[in-house]
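# Architecture and fold: a report
Letter by letter, the chains look like this.
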Amino acid sequence: MVGLKEELLKSIWHAFTALDLDRSGKVLSHNLCTVLNVPHDPVALEEHFRDDDEGPVSNQGYMPYLNKFILEKVQGNFDKVEFNRMCWTLCAKKNLSKSPLLISDEDAFKVWVIFNFLSEDKYPLIIVPEEIEYLLKKITEAMGAGWQQEQFDHYKIALNTSREGLSAWELIDLIGSGQFSKGMDRQTVSMAINEVFNELILDVLKQGYMLKKGHKRKNWMERWFVLKPNIISYYVSEDLKDKKGDIILDGNCCVEALPDKDGKKCLFLIKCLDKTFEISASDKKKKQEWIQAIQTTVNLLRAGSPPPHKEARQKRKELRQKLLAEQEELERQMKELQAANENKQKELETVRKQLEAAAARAAEEEKKRLQTQVELQDRFSLELEREKMVRQKMEEQVAQKSSELEQYLQRVRELEEMYKQLQEALEDEKQARQDEETVRKLQARLLEEETAKRAELEKWHLQQQQTIQMTEAEKQELENQRMMKEQALQVAMQQLKQLELERKEALEQYEEVKKKLETAANNTKSWKDKVAHHEGLIRLIEPGSKNPHLITNWGPAAFTEAELEERQRSWKGKKATSE
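Residues numbered from 1 in each chain as written. Predicted model: local features only at pLDDT ≥ 70, side-chain atom pairs only at ≥ 80, totals over all residues. Heavy atoms only, no water.

An unreviewed UniProt entry lists the protein chain under the name Switch-associated protein 70, with Aleadryas rufinucha as the source organism.

Structure, rendered in structure tokens:
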């Protein structure tokens, strides 16, 4: 309701500011109550508009009445176009330009309503350049023309240099002048303004002709469909005079494509809680556009979001407010920086003055110093002359003293030379005694070292003798071991040769035995064949044994199990002997 109240106040503000300061405020209030479907309150109206010192239609006197007795009672069940037309009628005659325009009065009315929708929420009402650009782009797109950004940028620069934006009447003059619609006729511009008006003011998201299937007769009729944020209305024609019905949309509705049937193409279905609507678009592109537009509307209803153009307007306002806040903050910071800069300038000026004063003092002191220096130089020159005279006298005295000092120094040098010679003689004597003592100590130490060396040599000689003896014994032992190892090696070689001979003999014996075995095997085989051939003829018929008969390679055995075991042992023994 707060947004609705703001929209109403903008149109009312135009009507209110166009009134003369008389009792015409009563006419405005009466008309507002009529178009807004608010009950009239004649008593409150007369009470409020009685003559007093404040003025009956002043801002202080009228706005409280408007808010309390009219706007707070608005329920939303009124015709917005009729309301805006009433306010337009009250203000257009006084404010509309008298110069000829390329748009009709009806188009100017629609531009005025669009202005109220896009203008800023502050009075007097203006539309900022960003919203002007948005509106002109929408109109240009609706006309099917190309947007001239460079042309608008020049216009925007010229506008920003003079003021913040345009009033409603200046916006009407701008659009009516044809500055941004050159080459377009009046009808094209009018249709474009009407399309933008339908979208922004009447919340028409999409409209167009389509075929609808009836619920009772099941016949197909062409209807003009108008899609709004929560409803789809369909009419006989686009003049919207004969309304045939509504499709109420909510979050539970859905839309889906249908295959072609019954000779109808580009079909889609709108499902609601109580009814289902079959619709046929003119082509596949229109079908897809309508399905997407309806689905988007249902999604917005589910999310509780406003229509796209209102949401976009709100975002643009929030962005401008954010930019304005940032600009104000930047201006505040600039002011602070400017104030700080001014303070710094003042401080620098103070420092400059202090430096100038210090420079003046320094110049005065330098002047005094130079004057003092001149005086000192004069005094120093006098003292220098006096010093020269004193120096000459002192040089003469010094020369005399120098001659005496030279003689005295000569005598001192002679005495020093004699003392030096005496010292050298004493040093020579002392050195000779020290050398004698050193030689004596050296001889004693050499004798001791010789004795120690001799004892050590004797000890080494004894050790060497012992080592030689031990070395001879070890050498003899090693020689014996070597001889024993050589003998063992010879024995091992002989044994190896013997083993080689034995191996050769064993191989020869093995070959002989092998040949014998092969011969015996051949003989045995031939005898087996002969025995197997003649066995049936030479075997005697004997009484059968009670023990179970054994079967051999030649047939039933004629010997017992004990005899068989005895033969097996015999064969094994022969086999072991032969191996």
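Time to look at the packing of aromatic side chains. Overall, the coordinates contain 15 aromatic pairs when judged by the stated rule. Between F109 and F197 the ring centres are 6.5 Å apart and the planes differ by 50 degrees, which places this aromatic pair in the tilted class. Taken as a pair, F109 in helix α6 (residues 105–118) and F197 in helix α10 (residues 186–200) lie far apart in primary sequence, 88 residues in all. Accessibility assignment for this pair places F109 and F197 in one class, buried. Between the aromatic rings of Y155 and F180, the centroid separation amounts to 5.8 Å while the plane-to-plane angle is 80 degrees, which identifies the pairing as edge-to-face. Highlighted residues: Y155 in helix α8 (residues 149–160) and F180 in the loop between α9 (168–176) and α10, separated in sequence by 25 residues. Note on accessibility: Y155 and F180 belong to one class, buried. Taken together, the ring pairs connect W88, F109, W112, W169 and F197 into an aromatic cluster. (Phe/Tyr/Trp six-rings, centres within 6.5 Å; stacked < 30°, edge-to-face > 60°. Helix = DSSP H or I, 4+ residues; strand = E, 2+ residues; numbered from the N terminus. Buried < 20%, exposed > 50% of the residue type's maximum accessible area, 1.4 Å probe, protein only.)

On the surface, E416, E417, E424, E427 and D428 cluster together into a patch of negative charge. Within the element layout of this structure, E424 appears in helix α12 (residues 308–538). Accessibility expressed as a relative area gives 43% for E424, which makes it partly exposed. (Patch = residues over 30% accessible without salt bridge, like charges linked within 9 Å, V, L, I, M, F, W, Y side chains within 5 Å. Areas by Shrake-Rupley, 256 points an atom, 1.4 Å probe, with all protein chains shown as cover. Salt bridge = Lys/Arg side-chain N within 4 Å of Asp/Glu carboxyl O. Lys, Arg positive; Asp, Glu negative; His and termini not counted. Charge placed at Lys NZ, Arg CZ, Asp CG, Glu CD.)

Now for the sheet that holds strand β7 (residues 276–280). Taken in spatial order, the seven strands make up an open sheet running β4-β3-β2-β1-β7-β6-β5, and their pairing is antiparallel. The two strands at the open ends of the sheet, each matched to only one other strand, are β4 (243–248) and β5 (254–258). Geometrically, the sheet is characterised by an average inter-axis angle of 35 degrees between neighbouring strands, direction not taken into account. Pairing of strand β1 (residues 206–213) with strand β2 (residues 220–228) involves eight bridges; the strand directions are antiparallel. Residue pairing across strands places G208 opposite F225, the latter belonging to β2. (Pairing = 2+ DSSP bridges. Axes fitted to C-alpha atoms, helices over the stretch in contact; angles between N-to-C directions.)

With that out of the way, let us pick up the side chain of E120. Inspection of the secondary structure puts E120 in the loop between α6 and α7 (129–143). For E120, the residues in contact, after removing those within four places along its chain, are K10, L125, I126, V128 and R320. (Contact = heavy atoms within 4.5 Å.)

All right, on to empty space enclosed by the protein then. Scanning the model with the defined rule gives two cavities of 30 Å³ or more in all. Empty space within the largest cavity amounts to approximately 190 Å³. What lines the largest cavity is a set of 15 residues, among which E7, K80, N84, V113 and I201 lie closest to the centre. Going through the elements one at a time, α1 (2–18), α5 (80–95) and α6 are the ones with two or more residues in the lining of the largest cavity. Per-element tally for the lining of the largest cavity: the top contributor is α1, with four residues. Tallied by class, the residues present in the lining of the largest cavity amount to eight nonpolar, three polar and four charged. If you add up the space inside the second largest cavity, you get close to 70 Å³. Every residue lining the second largest cavity is listed: L136, I139, T140, M143, L174, I175, Q179, F180, S181 and V189. Those elements giving two or more residues to the lining of the second largest cavity turn out to be α7 and α9. (1 Å grid on protein atoms, 1.4 Å probe; cavity = no way out; pocket = protein on both sides within 12 Å on 5 of 7 lines; lining within 4 Å. Points joined across faces, edges and corners; volume = space filled by probe spheres on them. Nonpolar A, V, L, I, M, F, W, Y, C, P; charged D, E, K, R; others polar.)

Between β1 and β2, which pair antiparallel one after the other, the connecting turn spans six residues, and K218 there sits at a positive phi close to 60 degrees. Pairing geometry for β2 and strand β3 (residues 231–235), over five bridges, is antiparallel. Pairing of F225 across the sheet is with Y234, part of β3.

The biggest cluster of nonpolar side chains holds 63 residues, and the ones touching the most others in it are L8, L32, L36, F83, W88, W112 and I172. No other element matches the nine residues that α6 contributes to this core. Setting aside its immediate chain neighbours within four residues, W112 contacts S11, H14, N84, C87, W88, C91, A168, W169 and I172. In terms of nonpolar packing, the next biggest core, distinct from the first, is built from 21 residues, M210, I232, I270 and V298 among them. (Core = buried A, V, L, I, M, F, W, Y, C linked by side-chain atoms within 4.5 Å.)

This paragraph deals with the confidence of the model for the protein chain. Here the protein chain averages 83 in pLDDT, while 88% of its residues score no lower than 70. Low pLDDT, under 50, characterises residues 52–59; the predicted model gives this stretch 15 contacts beyond four residues in sequence or across chains. (pLDDT = per-residue confidence, 0-100.)

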